[in-house]
Amino acid sequence: MRKTLDFIQEIGTIMYVGGILSHIVIGVVLGHPDAATAYSVYVYKEMSAYVLILPGLGLKVACDSILYFGLGVKANWLKGKMLMMAFLSTNAFIFLVPMMPELVVLARESLPNGEVSQAFLDKTATEQLVGMSNVIPLILEMVLGSFKPRLFGERRE
């Protein structure tokens, strides 16, 4: 059971991190110099969020929950990992899920003018800040899950 959960966790990490990296790459490669490009980029970002990022996040949360509640793993590395996942999930569902369709609509509304609107640019700046706020918690979550270090009082055991 534990090996299966570890495997599913790896798949979730690949989906989650891969989706995030694809957002970064398409933004760097194509950016949003005009409304048509911005629209295409954000349609892609929205779909990859729903196909890769959110399901990957769900797999990771489910595996951690099964380890903690189902298998009784109460190690501090898992508690820290779950705290990081709570932060990442909050960011995803408070910012990412509502923001993606809004950005697609703002880009679509910019199509007749051929230039992206200021509202679109402001919303993309918020998207970038949310993304940057995820970097440290994501790295910590991955390190804790990979190395499973003994933390705090566990070191004396």
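Up top is the structure these notes are about.
Rules and cut-offs
- Residues numbered from 1 in each chain as written.
- Predicted model: local features only at pLDDT ≥ 70, side-chain atom pairs only at ≥ 80, totals over all residues.
- Heavy atoms only, no water.
- Helix = DSSP H or I, 4+ residues; strand = E, 2+ residues; numbered from the N terminus.
- Buried < 20%, exposed > 50% of the residue type's maximum accessible area, 1.4 Å probe, protein only.
- Contact = heavy atoms within 4.5 Å.
- Areas by Shrake-Rupley, 256 points an atom, 1.4 Å probe, with all protein chains shown as cover.
- Lys, Arg positive; Asp, Glu negative; His and termini not counted.
- Charge placed at Lys NZ, Arg CZ, Asp CG, Glu CD.

Caption draft 1: Region of the structure containing the overall build of the protein. The helix and strand tally for the protein stands at five helices and zero strands. For the protein, buried positions account for 40% of its 157 residues. Relative to all contacts within the protein whose residues are 6 or more apart in sequence, the contacts with residues 24 or more apart total 77%. With the model as given, the accessible surface of the protein reaches about 8,800 Å², and the carbon-plus-sulfur share is 70%. A distance of 15 Å separates the average location of the 13 positive side-chain charges in the protein from that of its 13 negative side-chain charges.

Caption draft 2: Structural view of the environment of cysteine 63. Tracing the chain through its elements places cysteine 63 in helix α2 (residues 35-70). Judged by its relative accessible area of 3%, cysteine 63 falls in the buried class. Through-space distance from the C-alpha of cysteine 63 to that of glutamate 10 is 10.0 Å; in sequence the pair is 53 residues apart. Beyond its immediate stretch of four places on either side in the chain, cysteine 63 contacts Leu5, Ile8 and Gln9.

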